[in-house]
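# An overview of the molecular structure
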Amino acid sequence: MLIGGELVHSVTGEFDDSINPATEEVIGRSPRASAEDVDRAVQAANAAWPQWSALGPASRAKALRAFGEAVQERAEEILHVEVKDTGNTITPMRGDVGMGVTSLNYYAGLAHELKGETFPSTEDKLHLTLREPYGIVARIAPFNHPLMFAVARTAAALAAGNAVIVKPPETSPLSAMVLAEIAQSVLPPGVFNILTGDGPSAGDAIVRHPEIKRIAFIGSAKTGRMIQKAAAEVAVKHVTLELGGKNPLIAFADADPAKVAEAAIKGMNFAWQGQSCGSTSRLLLHTDIYDAVLEQIVEKVSCLKLGDPMDPDTGMGPMNSLRQYDKVLSFFESSVKDGAKLMTGGKVPEGTQFQKGFWVEPTVYADIKPSMRLWHEEVFGPILGVGRWSTFDEAVELANSVEYGLTGAVWTNNIHDALKMVRKIRSGHTWINGVGAHYLGVPFGGYKNSGVGREEGIEEMFSYTEAKTVNIVLD
Ligand code: NAD
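Residues numbered from 1 in each chain as written. Predicted model: local features only at pLDDT ≥ 70, side-chain atom pairs only at ≥ 80, totals over all residues. Heavy atoms only, no water.

### Details of the site of the ligand
- Taken together, 31 residues sit near the ligand, with Ala141, Glu170, Thr223, Arg323 and Glu378 positioned nearest.
- Between the ligand and alanine 141 there is a distance of 2.7 Å, counted from an oxygen atom to a backbone nitrogen or oxygen.
- A distance of 3.3 Å is found between an oxygen atom of the ligand and a backbone nitrogen or oxygen belonging to glycine 199.
- Protein contact buries 93% of the 850 Å² of open area that the ligand shows by itself.
- Taken together, the elements giving at least two residues each to the shell around the ligand come down to helix 8 (199-208), strand 10 (214-218) and helix 9 (221-234).
- Split into classes, the residues belonging to the shell around the ligand amount to 17 nonpolar, seven polar and seven charged. (Near = heavy atom within 4 Å. Polar contact = N/O pair within 3.5 Å; in protein donor to acceptor, adjacent residues only side chain to side chain. Areas by Shrake-Rupley, 256 points an atom, 1.4 Å probe, with all protein chains shown as cover. Helix = DSSP H or I, 4+ residues; strand = E, 2+ residues; numbered from the N terminus. Nonpolar A, V, L, I, M, F, W, Y, C, P; charged D, E, K, R; others polar.)

In structure tokens, the structure reads:
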């Protein structure tokens, strides 16, 4: 772990094994942080942030760019560790390090925007605001893109003058340990701290530490709600949550079936086994194009190459962990029981190479309905559910009929329908004739139980600051 610029073990000396989900081999281990380690990290961060903040935006920006360059230098090594530790496939995962570095550069460029405001008043008064850092920002991250979250989603907090404490996911912590070495070599001690360990001990101790007021969480809605509660039991805290989704892709009758099929597959993120919060896992097709789109999807999904995530041609790897594997299997069972029509997949793949590891087949169910578990619950796995609609109002109702509201995609060539629909969808991040993509500087976040707050744009940086008003009496 990285605490106060030192690479350290946990106080208890305990470790957790990290398992390659493709082979079930132990490929590394990470220290299991306890509340005492969290306290050590808080002390280090508290010692570091005033000086880091006092450096000013230009020097912090320079340091962030240097951090990005150092990460880039070890990109290939990080990629290999990440692919083996997560099970995500290597070709698209090349983008994750790049996204982290781009984000460091983006927030480095924005650091001079940490401006306050002045307010109109009488001649003898002056009122202004200063943006000041919270001091310590904790970032708790999920397993689907560990390195990317540890870098890209701490950049704004660092640019704003905070020290950060990162808790990587317990099932895939190894890339963060490489990052610990990099941060140690380029950032001032205590500015960037990494604590490995599980949620109930390390994570909870971070959330409950009275000196960490700002917590930024990415993970499941269930954990997000636990974090809000635990934080509130200790102190008044600023908690932002990026949570799960059960996102609709709504295709109108005029949309090109081939393009919709392609988008539906892209939107499922099979390259990381559908383990993406933004996956459009409910495909809602107008009844006129239902059969044509479904046929093309089934044909393409059944040809996806399942196999070694390190092979550049692989289309889908194993589930991240036994927990995720079991969850997907439980959906295979309940979906059929609930009456969904299995079109492809729906089982564990056959063959000697799949005897070890957490393998499931990419899967499509047709005729999904709001009465089914698959309709409402996030799988966070490679299961696409396809449902149908006939009227505009019906599509709106179906799209919004879940507790989540993270992303939503609308496919039509009619701009009137597209805009009308996109305004009706209760989701934070929407696309018209697009899917899946995040865009630099464009805010990302969820409505309803998909979260609180927006990340990835300038407002993420502002969210790591508090405004201090200064009232100056001139007479
Ligand atoms: P998770 O909620 O199980 O765990 C996420 C992180 O929280 C891990 O680091 C874990 O150790 C920690 N944690 C667990 N219990 C905790 C507790 N009591 N206190 C503090 N920390 C705790 O989620 P996961 O299974 O790792 O990730 C999958 C979920 O993440 C999905 O629901 C997915 O949609 C969501 N996700 C959301 C976004 C987004 O931007 N909205 C992005 C990626 C993933």
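After that view, the rundown keeps rolling.
### Let's talk about the nonpolar core
- Counting residues in hydrophobic clusters, the biggest one holds 92 residues, and the most contacted among them are Leu283 and Ile297.
- In terms of residue count, the dominant contributor to this core is helix 11 (residues 290-302) (six residues).
- Beyond its immediate stretch of four places on either side in the chain, isoleucine 297 contacts Ala261, Ala264, Ile265, Leu283, Val364 and Leu384.
- Formed by 44 residues, the second largest nonpolar core is a distinct cluster that contains Ala48, Ala63, Ala155 and Ala160. (Core = buried A, V, L, I, M, F, W, Y, C linked by side-chain atoms within 4.5 Å. Buried < 20%, exposed > 50% of the residue type's maximum accessible area, 1.4 Å probe, protein only. Contact = heavy atoms within 4.5 Å.)

### A closer look at the packing of aromatic side chains
- Within this structure, the stated rule accounts for seven aromatic pairs.
- Ring centres of phenylalanine 67 and phenylalanine 192 lie 5.3 Å apart, and the angle between their planes is 70 degrees; this geometry places the pair in the edge-to-face category. Pair noted here: phenylalanine 67 is in helix 2 (residues 57-73) and phenylalanine 192 is in strand 9 (residues 192-194), with a separation of 125 residues, a long-range link.
- With relative accessibility at 0%, the residue phenylalanine 67 sits in the buried group.
- A relative accessible area of 2% places phenylalanine 192 in the buried class. (Phe/Tyr/Trp six-rings, centres within 6.5 Å; stacked < 30°, edge-to-face > 60°.)

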